[in-house]
Amino acid sequence: GQNIDQPTEMTATEGAIVQINCTYQTSGFNGLFWYQQHAGEAPTFLSYNVLDGLEEKGRFSSFLSRSKGYSYLLLKELQMKDSASYLCAPEGNTGFQKLVFGTGTRLLVSP
Amino acid sequence: DVKVTQSSRYLVKRTGEKVFLECVQDMDHENMFWYRQDPGLGLRLIYFSYDVKMKEKGDIPEGYSVSREKKERFSLILESASTNQTSMYLCASSFLPGETQYFGPGTRLLVL
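Small disclaimer: the values here were computed from a predicted structure and weren't measured.

Draft legend 1. Spotlight on the overall build of chain B. Looking only at helices and strands, chain B features zero helices and eleven strands. When the helices and strands of chain B are read in sequence order from the N terminus, they spell out β-β-β-β-β-β-β-β-β-β-β. On C-alpha atoms alone, chain B measures out to a radius of gyration of 13 Å, which is about the 13 Å that the 2.2 N^0.38 rule sets for 112 residues. For chain B, the spread of C-alpha atoms along the principal axes amounts to about 35 × 25 × 25 Å. Counting across all 112 residues of chain B, residues that qualify as buried make up 47%. Contacts in chain B between residues at least 24 apart in sequence constitute 55% of all its contacts with a sequence separation of at least 6. Of note, chain B has its 15 positive side-chain charges centred 7 Å away from the centre of its 15 negative side-chain charges.

Draft legend 2. Layout of a nonpolar patch on the surface. All names here are of chain B. A surface patch of nonpolar side chains, amounting to about 260 Å² of accessible area, comprises Val-12, Leu-110 and Leu-112. Looking at the element boundaries, Leu-112 is found in the segment after strand S11 (107-111). For Leu-112, a relative accessible area of 47% gives the class partly exposed.

Draft legend 3. Up close: the side chain of Gln6(B). All names here are of chain B. Relative to the elements of secondary structure, Gln-6 occurs in strand S1 (residues 4-6). Within the structure, Gln-6 has its side chain in polar contact with the backbone nitrogen of Cys-91 (distance 3.1 Å). Beyond its immediate chain neighbours, meaning those up to four positions away, Gln-6 contacts Glu-22, Trp-34, Tyr-89, Leu-90, Cys-91, Gly-104, Pro-105, Gly-106 and Thr-107.

Draft legend 4. Molecular detail of the pattern of salt bridges. All names here are of chain B. Scanning all chains against the criterion turns up eleven salt bridges over all chains. The partner of Glu-30 in a salt bridge is Lys-71, and the shortest N-O contact between them spans 3.0 Å. Here the residue Glu-30 occupies a position in the loop between strand S3 (19-25) and strand S4 (31-38), and Lys-71 occupies one in the loop between strand S7 (64-70) and strand S8 (73-78), the gap between them amounting to 41 residues. On the basis of relative accessible area, Lys-71 is assigned to the partly exposed category, the value being 22%.

Draft legend 5. The interface of chain B and chain A, seen in detail. Taken together, the 25 residues of chain B in the interface contact 19 residues of chain A. Surface buried jointly by chain B and chain A totals about 1700 Å² across both partners, of which 59% is contributed by carbon and sulfur atoms. For the chain B face of the interface with chain A, the top three residues by lost area are Leu43(B), Pro97(B) and Phe103(B), together amounting to 25%. Run the count over chain B and chain A and you get one salt bridge. When the shortest N-O distance is used, the salt bridge between Lys98(A) and Asp59(B) registers 3.2 Å. In this structure, the connection of chain B to chain A is made through four residue pairs in polar contact (both at pLDDT 80 or more). Broken down by secondary-structure element, the contributors of at least two residues to the side of chain B that touches chain A are S4, strand S5 (42-51) and strand S9 (87-94) of chain B.

Parameters at a glance
- Residues numbered from 1 in each chain as written.
- Chains lettered and ligands numbered in written order.
- Predicted model: local features only at pLDDT ≥ 70, side-chain atom pairs only at ≥ 80, totals over all residues.
- Heavy atoms only, no water.
- Helix = DSSP H or I, 4+ residues; strand = E, 2+ residues; numbered from the N terminus.
- Rg over C-alpha atoms; globule rule 2.2 N^0.38 Å.
- Buried < 20%, exposed > 50% of the residue type's maximum accessible area, 1.4 Å probe, protein only.
- Contact = heavy atoms within 4.5 Å.
- Lys, Arg positive; Asp, Glu negative; His and termini not counted.
- Charge placed at Lys NZ, Arg CZ, Asp CG, Glu CD.
- Patch = residues over 30% accessible without salt bridge, like charges linked within 9 Å, V, L, I, M, F, W, Y side chains within 5 Å.
- Areas by Shrake-Rupley, 256 points an atom, 1.4 Å probe, with all protein chains shown as cover.
- Salt bridge = Lys/Arg side-chain N within 4 Å of Asp/Glu carboxyl O.
- Polar contact = N/O pair within 3.5 Å; in protein donor to acceptor, adjacent residues only side chain to side chain.
- Buried area = accessible area lost by both parts, 1.4 Å probe.

Okay, structure coming up:
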């Protein structure tokens, strides 16, 4: 079966660092996507990890451990506009790019 | 910039009506997807298509059908709408595995 686990909600203050964890069990694995979704809007791409390790992209970094079925998204220097849901989505290896989305983590950044 | 558009942002239909949701992408993407998003359940895949006239069932295809007659257009059809199909419907497209899916703005459907 397929199972993705993320915290439902997190809170943090402006300027802080927050880590959003995701554990997954999927039948077949290619890589893992992270998306950001503001309320009432479409998800937008943040990162894609294929290899183990940390990939840094500005204020956002994403980590993957394939053997542990674990990923995290690290957000630094938090800004109010980072208040959004963050979706973890492992990609299967069927060749059809079928993603399985977690329920998402709602992050609230306060002043 | 990739653009994925959906025919309506908001739609209100009655139980039993046939409903068409249209999605168009302008980047010549091979793959197109239909999801629904519900609170506490996340994004769930209804159907996807990897080529014209080709379709594959996702995780929750019951009560839905799809059509892809042209590469840029992917339609989701609710043959007989029911109240439990009230949801946010999101269309997405992508070029290859390992590349991001680009999402449309979504259609919020209310079935009365």
